[in-house]
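Coordinate analysis (summary)
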2 protein chains.
Amino acid sequence: MTEELPNPLEAFFDPSSIAIVGASGNMEKWGFGVLSQFVTKDPDVEVYPINPNKNEILGMKTYKSIKEVPDGIDLVIIVVSKEAIPDIVESCKNKDVENILIITAGFAEVGEEEREFQEEIVKIAHEGKTRIAGPNSMGHVNVHADLYTTRLMPRLKKGGISIISQSGTFGIHIIRNGSEEGLGFSKYISTGNEADYKFEDYVEYMGKDPDTDIIVGYIEGLRNGRKFLDVAREVTKEKPIFVLKVGRTEEGSEAIDSHTGAMAGENSVYKGMFRQSGVLQARNMPELIGAVKIYNLQPLPKGKGVGILTGGGGFGCLTTDEAIEHGLEVPSLSQGTMGRLNDILPPRWSRGNPVDMAAAYGIKTYECLSALLNDENFDIIIAAQCLGMSSIMNLSDLVPSDYGEEAEKRAKKYKEIERENFEEILSLMKESNKTVVGIGTPGIANAEDELTKKIRKEIPMFVSPSVAVGAISLLVEYHEYLSENYPRSLK
Amino acid sequence: MTEELPNPLEAFFDPSSIAIVGASGNMEKWGFGVLSQFVTKDPDVEVYPINPNKNEILGMKTYKSIKEVPDGIDLVIIVVSKEAIPDIVESCKNKDVENILIITAGFAEVGEEEREFQEEIVKIAHEGKTRIAGPNSMGHVNVHADLYTTRLMPRLKKGGISIISQSGTFGIHIIRNGSEEGLGFSKYISTGNEADYKFEDYVEYMGKDPDTDIIVGYIEGLRNGRKFLDVAREVTKEKPIFVLKVGRTEEGSEAIDSHTGAMAGENSVYKGMFRQSGVLQARNMPELIGAVKIYNLQPLPKGKGVGILTGGGGFGCLTTDEAIEHGLEVPSLSQGTMGRLNDILPPRWSRGNPVDMAAAYGIKTYECLSALLNDENFDIIIAAQCLGMSSIMNLSDLVPSDYGEEAEKRAKKYKEIERENFEEILSLMKESNKTVVGIGTPGIANAEDELTKKIRKEIPMFVSPSVAVGAISLLVEYHEYLSENYPRSLK
């Protein structure tokens, strides 16, 4: 049946006109939260608040019903209690409404009777060629159009990441985690019960959306696995899809049933489906954000070979373990690199991969990094506890006061050397087309000086080796999938 | 041989007098870094800078050699190049030196010849009944005595956590991560090559140290497994030992060889040893810090039963999966709790564990939490996306300006309700003796308002469910170990 229906998700994410059924002046209500976003931010859209008991809300003319609205309506947002919804949907039939977003909850996630009621509503909508998002949705966002129908969502930085989430609060969690890492977003949808538009419909749309470069999904259960497989296979040729799948255990599946009424299904079935369609399944939230962060800044790893450069032996050992445990490789240095590093470093260096610079880190880092970038054995370089080190070279509060000036001079000198070295290496890094990732200790990795911020704009930085390596391994998987199946889509 | 030697680690961590051989006025040198800590911080200790070429460094009278120092010396710190060290150690013989800390590197981690040289030095020290820490150490710290022989280490908050690390930089990484989480520290030692004092000696000492409540270890390889087993078994009766073990893979083991010259050994042997002695092996750094953070604030879990309370269904599903995957259990609600929650919550709640409060979170959180604390089915309560919610209730920047005052009033009201509810639940939480852990989204979990900070002082908060659950599972393991082996040591 869906085949004959229009799929106007473009208008859903960028409507010209919106009616809010249940618009309210009461701060405790969703109808206040949604409407006030339009009042304060004034995006380029006609807004019609609907409330039979008011003439004006938040200074806006209010309409008694959908019928009363003089013009056509692209998107109707419904936040009133569920009993009223069939009539409202019925009244949309004559207004050329393309989409309805139902925030109201209490449908399929509650029980069988409510599921039938939900299906009834969809039937009415489809009679009028109208599509439904939700119910039980927590709203959607188009950052580029400044459109927010969510509550408690901070304004987001513009970017290419779009989120499709089967949990409203967890979707916000993903966004807030990403924002903390400086990521920018394009679209967000809390899919709710997916009575009509399904997870896979949004994937299909995001795949074609020119503002979306990366798709992130939180999945409890897919309603149409076959379609997901077909759609995802198309989309991943061009854009990565990273997902977090819950309901991996029996107990988790039961929890899902009462959350969105989805069927979690067999974990192994999902694993197979993701593998077949190049969808990347993160093991946990930090890994998910980490993979997006790396993909956002760096090219895909062309293989599994990891070269590790470090100012601290422990970081080298730990990162090596993590790499091997995640299915990557830590190959030997080529003879040429060995010779080059022997020239650069004092005799105490580790003479192998991981390259432990010992006491020479800070000064020799970028020379060594350039040697590793030139080594054919490596597809990925992890620079651990050696980038941005000049951010902590200012010892002025650790030295006697009459040494303060000298300490500051010294710090400035190190900063200058690191800045020059970093700028020199940038073009080599880009030419080499290798994946470069940094690891550093809090206070260095997240230092707020200009140079460290500049480094982080080019090289994704992590505090935890396990998170960094887990994220890299997802990207390696993506490159392997593409080279096996669609070698032409690789640049 | 070690049996006949003194084990004056107490004096090592709290010396009355220190000589620094290689004290320097050159900011690039370790001998400057170490000495300047004493000049600027002035801990309660006699300091003798040793440098044959100077009469004064950093305003302090300087001695030509150890022999020249008029009094006895508790601790000699050596930062000069290795060739000079045998003579220096020889000269310690007549000064009743208890301990020597050798920062200098280039010994067993480099090769066989250097290993023999290292052993030679230890032999000389033992003839004078002097013990050696290092070589290749990056110093030690006693936060309670304000003693820092490290470089680039920020001043730490006092607390009960002591760190024993076979990597200097990674030890600092653990400390900086812990500091970010607000943890307080007692002692730190970068063990270096462990030519004399071994990892297990420090564990034994920390076990008896009244300022140490929790021991954290970074291990590449243990020199004396038998002793570690005996010592750890004693210590874990009273205090937990959390470790991160690297060299779990062949490649990781090779990296270790060139780092500290330790033998990583078979992973399975270590696993067995840790299990037999109640030592808790973290899977990664965030889990290690997480477990310490929970133990620091909450009682040990008395069993595996997790009750999950959440304001966001997705958090409930994900936390359930994580709990089951980490070997915990997510039991049903008792009938009494089911009834109580039916009374508290609107009909839309999940009617099971996880308890998804749906729209009622924020207002009903603490009532529900109290119901779960009273349910015998649970040993652990995870409160996800529901604590500190009043920190984001201030919508004043999201509403039209003439609603600003009302928005602030409303925010204040919520804050007041949450404060009262939280204070009410505190005594119940303590009586129940259950382990309570919070999960929240960035912006809520780490909010800086007074109330949220107060909540975090009682309930450890996490952003990632996987990290929280991994950390809890380590503590469950510890409780199981103690109940099986030393039920009396459980309060």
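One structure accompanies this document, and this report is about it.

Calculation notes
- Residues numbered from 1 in each chain as written.
- Chains lettered and ligands numbered in written order.
- Predicted model: local features only at pLDDT ≥ 70, side-chain atom pairs only at ≥ 80, totals over all residues.
- Heavy atoms only, no water.
- Helix = DSSP H or I, 4+ residues; strand = E, 2+ residues; numbered from the N terminus.
- Contact = heavy atoms within 4.5 Å.
- Areas by Shrake-Rupley, 256 points an atom, 1.4 Å probe, with all protein chains shown as cover.
- Salt bridge = Lys/Arg side-chain N within 4 Å of Asp/Glu carboxyl O.
- Buried < 20%, exposed > 50% of the residue type's maximum accessible area, 1.4 Å probe, protein only.
- Buried area = accessible area lost by both parts, 1.4 Å probe.
- Polar contact = N/O pair within 3.5 Å; in protein donor to acceptor, adjacent residues only side chain to side chain.
- Pairing = 2+ DSSP bridges.
- Axes fitted to C-alpha atoms, helices over the stretch in contact; angles between N-to-C directions.
- Core = buried A, V, L, I, M, F, W, Y, C linked by side-chain atoms within 4.5 Å.
- Expected span 1.5 Å × (residues − 1).
- Least-squares fit on C-alpha atoms with pLDDT ≥ 70 in both.
- Parallel < 35°, antiparallel > 145°, perpendicular 65-115°, else oblique.
- Left-handed = near helix turned anticlockwise from the far one by under 90°.
- Nonpolar A, V, L, I, M, F, W, Y, C, P; charged D, E, K, R; others polar.
- Patch = residues over 30% accessible without salt bridge, like charges linked within 9 Å, V, L, I, M, F, W, Y side chains within 5 Å.
- Lys, Arg positive; Asp, Glu negative; His and termini not counted.
- Charge placed at Lys NZ, Arg CZ, Asp CG, Glu CD.
- Disulfide = S-S within 2.5 Å.
- Right-handed = clockwise from strand over helix to strand, strands pointing away.
- Phe/Tyr/Trp six-rings, centres within 6.5 Å; stacked < 30°, edge-to-face > 60°.

A few points about the overall build of chain A
Per the secondary structure count, chain A includes 16 helices and 19 strands. Each principal axis of the C-alpha distribution contributes one length, and for chain A these read about 80 × 55 × 40 Å. Taking as baseline every contact in chain A between residues at least 6 positions apart, the subset at least 24 positions apart corresponds to 74%. Entry remark: accessible area of chain A is about 18,500 Å², with carbon and sulfur atoms responsible for 45%.

Structural notes on the pattern of salt bridges
Applying the stated criterion to the full structure yields 55 salt bridges over all chains. Across the salt bridge formed by Asp230(A) and Arg226(A), the nearest N and O atoms sit 3.1 Å from each other. In this pair, Asp230(A) and Arg226(A) both sit in helix α7 (residues 225–235), 4 residues apart, roughly one turn of the helix. In this structure, Glu480(B) engages Lys304(B) in a salt bridge whose closest nitrogen and oxygen atoms are separated by 3.8 Å. With Glu480(B) in helix α16 (residues 465–485) and Lys304(B) in the loop between α10 (285–297) and β15 (306–310), this residue pair connects regions lying 176 residues apart in the sequence. By relative accessible area, which is 33% here, Glu480(B) ends up partly exposed. Each of Arg248(A), Asp321(B), Glu322(B) and Glu325(B) takes part in one network of salt bridges that share partners.

As for the interface of chain B and chain A
At the interface, 78 residues of chain B touch 78 residues of chain A. Summing the contributions of chain B and of chain A, the shared interface buries around 6,300 Å²; its carbon and sulfur component is 63%. Applying the counting rule to chain B against chain A returns 10 salt bridges. Put simply, Glu28(A) and Arg410(B) hold a salt bridge, and the shortest N to O gap is 3.0 Å. Our count for the chain B to chain A interface comes out at 22 residue pairs in polar contact (both at pLDDT 80 or more).

Section: the sheet that holds strand β12 (residues 214–219) of chain A
Residue and element names in this part refer to chain A. Strand order across the open sheet formed by 7 strands is β9-β8-β11-β10-β12-β13-β14, with mixed pairing between neighbours. Across the chains shown, the open sheet's two edge strands, defined by having one partner strand only, are β9 (147–148) and β14 (280–281). With 3 bridges joining them, strand β8 (residues 140–142) and strand β11 (residues 185–190) adopt antiparallel strand pairing. Looking across to β11, one finds that Asn142 is bridged to Lys187. Each of β12, β13 (241–245) and β14 touches helix α9 (residues 267–277); the most contacted strand, β13, lies at about 175° to it.

Regarding the nonpolar core
Counting residues in hydrophobic clusters, the biggest one holds 113 residues, and the most contacted among them are Ile174(A), Phe242(A), Ile174(B) and Phe242(B). Ignoring anything within four residues of it in the chain, the contact list for Phe242(A) reads Ile214(A), Ile215(A), Val216(A), Gly217(A), Leu280(A), Leu288(A), Ala291(A), Val292(A), Tyr295(A), Leu474(A) and Leu475(A).

Overview of helix α10 (residues 285–297) of chain A
Taking 1.5 Å of rise per residue, the 13 residues of α10(A) would be expected to cover 18 Å, and the 19 Å separating its terminal C-alpha atoms lies within 8% of that figure. A distance of 3.1 Å separates the backbone nitrogen of Glu287(A) from a side-chain oxygen at the start of α10(A), and that oxygen is part of Asn284(A).

Considering the side chain of Asp449(A)
Residue and element names in this part refer to chain A. Mapped onto the fold, Asp449 is located in the loop between β18 (435–439) and α15 (450–458). Given the relative accessible area of 19%, Asp449 is considered buried. At 2.5 Å, the side chain of Asp449 and the side chain of Thr452 are in polar contact. Those residues within four positions of Asp449 in sequence are excluded, and the remaining contacts are Ser391 and Lys415.

Brief notes about the relation of the copies chain B and chain A
Overlaying chain B with chain A gives an RMSD of 0.0 Å, the required rotation being 180° about an axis along which the chain moves by 0.0 Å. Such a turn and shift between the copies fits a two-fold axis. For chain B, the smallest separation between a C-alpha atom and the rotation axis is recorded for Pro286(B), amounting to 5.2 Å.

What about the packing of helix α11 (residues 313–325) of chain A against helix α8 (residues 250–257) of chain B?
Running from N to C, α11(A) and α8(B) point in directions that differ by 170°, and their axes come no closer than 8 Å. Here α8(B) runs roughly antiparallel to α11(A), going by the angle between their axes. The chirality of how α11(A) crosses α8(B) is right-handed. Counted together, Cys317(A), Thr320(A), Asp321(A) and Ile324(A) of α11(A) and Glu251(B), Gly252(B), Ala255(B) and Ile256(B) of α8(B) form the full contact between these two elements. Of the residues in the contact of α11(A) with α8(B), the class split is 4 nonpolar, 2 polar and 2 charged.

Observations concerning a negative patch on the surface
Together, Glu10(A), Asp14(A), Asp44(A), Glu46(A) and Asp71(A) give the surface a local cluster of negative charge. The exposure class of Glu10(A) is exposed, given its relative accessible area of 61%.

Looking at helix α9 (residues 267–277) of chain B
Residues Tyr270(B), Gly272(B), Met273(B), Phe274(B) and Ser277(B) constitute the buried set of α9(B). Just beyond α9(B), the residue with positive phi is Gly278(B), at close to 70°.

Points about the sheet that holds β15(B)
Residue and element names in this part refer to chain B. Ordered by their spatial adjacency, 5 strands build an open sheet running β16-β15-β17-β18-β19, and the pairing between neighbours is parallel. Looking at which strands have only one partner, the edges of the open sheet turn out to be β16 (355–356) and β19 (461–462). With 2 bridges connecting them, β15 and β16 associate as parallel partners. Across the sheet, Thr310 pairs through a bridge with Asp356, a residue of β16.

A word on the state of the cysteines
Residue and element names in this part refer to chain B. In this structure the tally under the stated criterion is 0 disulfides over all chains. Of all cysteine sulfurs, the one in Cys368 lies closest to Cys386, which takes part in no disulfide; the gap is 8.5 Å. Its relative accessible area of 1% is what places Cys386 among the buried residues.

Some thoughts on the pairing of strand β11 (residues 185–190) of chain B
All names here are of chain B. For β11, the tally of buried residues reaches 6 of 6 residues, placing the bulk of the element in the interior. The pairing of strand β10 (residues 158–165) with β11 spans 5 bridges and is parallel. Paired with Ile161 across the bridge in β11 is Phe185. Once you follow β10 into helix α5 (residues 168–180) and on to β11, the crossover reads as right-handed.

A short note on the packing of aromatic side chains
Residues and elements named next belong to chain A. Summed over all chains, the structure comprises 26 aromatic pairs over all chains. A centroid spacing of 6.0 Å and a plane angle of 5° characterise the contact between Phe107 and Phe117, whose relative ring orientation is stacked. Here Phe107 is found in the loop between β6 (99–102) and α4 (112–127), whereas its partner Phe117 is found in helix α4, with 10 residues between them in sequence. Assessed through its relative accessible area of 0%, Phe107 is described here as buried.

Description of the environment of Ala19(A)
All names here are of chain A. Residue position: Ala19 is located in strand β1 (residues 17–21). As for Ala19 and Asp201, which are separated by 182 residues in sequence, their C-alpha atoms are 23 Å apart. With sequence-adjacent residues up to four places away left out, Ala19 is seen in contact with Tyr48, Ile50, Ile66, Ile73, Leu75, Val76 and Ile77.

Quick look at the packing of helix α13 (residues 365–373) of chain A against helix α14 (residues 404–432) of chain A
Residue and element names in this part refer to chain A. Orientation of α13 relative to α14, taken along the N-to-C sense of each, is 5°, at an axis distance of 9 Å. Accordingly, the angle class assigned to the pair α13 and α14 is roughly parallel. In this structure, α13 contributes Tyr366, Leu369, Ser370 and Leu373 to the contact, and α14 contributes Glu418, Asn421, Phe422, Ile425, Leu428, Met429 and Ser432. Each residue belonging to the contact of α13 with α14 can be placed in one class, and the counts come to 7 nonpolar, 3 polar and 1 charged.

Thoughts on the environment of Asp209(B)
Residue and element names in this part refer to chain B. Checked against the element boundaries, Asp209 lands in the loop between α6 (199–208) and β12 (214–219). Along the primary structure Asp209 and Leu9 are separated by 200 residues, whereas in three dimensions their C-alpha atoms are 10.0 Å apart. For Asp209, the residues in contact, after removing those within four places along its chain, are Ser186, Lys187 and Lys239. At 2.6 Å, the side chain of Asp209 and the side chain of Thr212 are in polar contact.

Some details on the pairing of strand β6 (residues 99–102) of chain B
All names here are of chain B. Here β6 shows a buried face lined by Asn99 and Leu101 and a second buried face lined by Ile100 and Ile102. Both strand β5 (residues 75–78) and β6 contribute to a ladder of 4 bridges, which runs parallel. Opposite Val76, over in β6, you have Ile100 as the bridge partner. Where the polypeptide runs from β5 across helix α3 (residues 85–92) and back to β6, its parallel neighbour, the crossover connection is right-handed. Note that the unit made of β6, helix α4 (residues 112–127) and strand β7 (residues 131–133) has a crossover that is right-handed.

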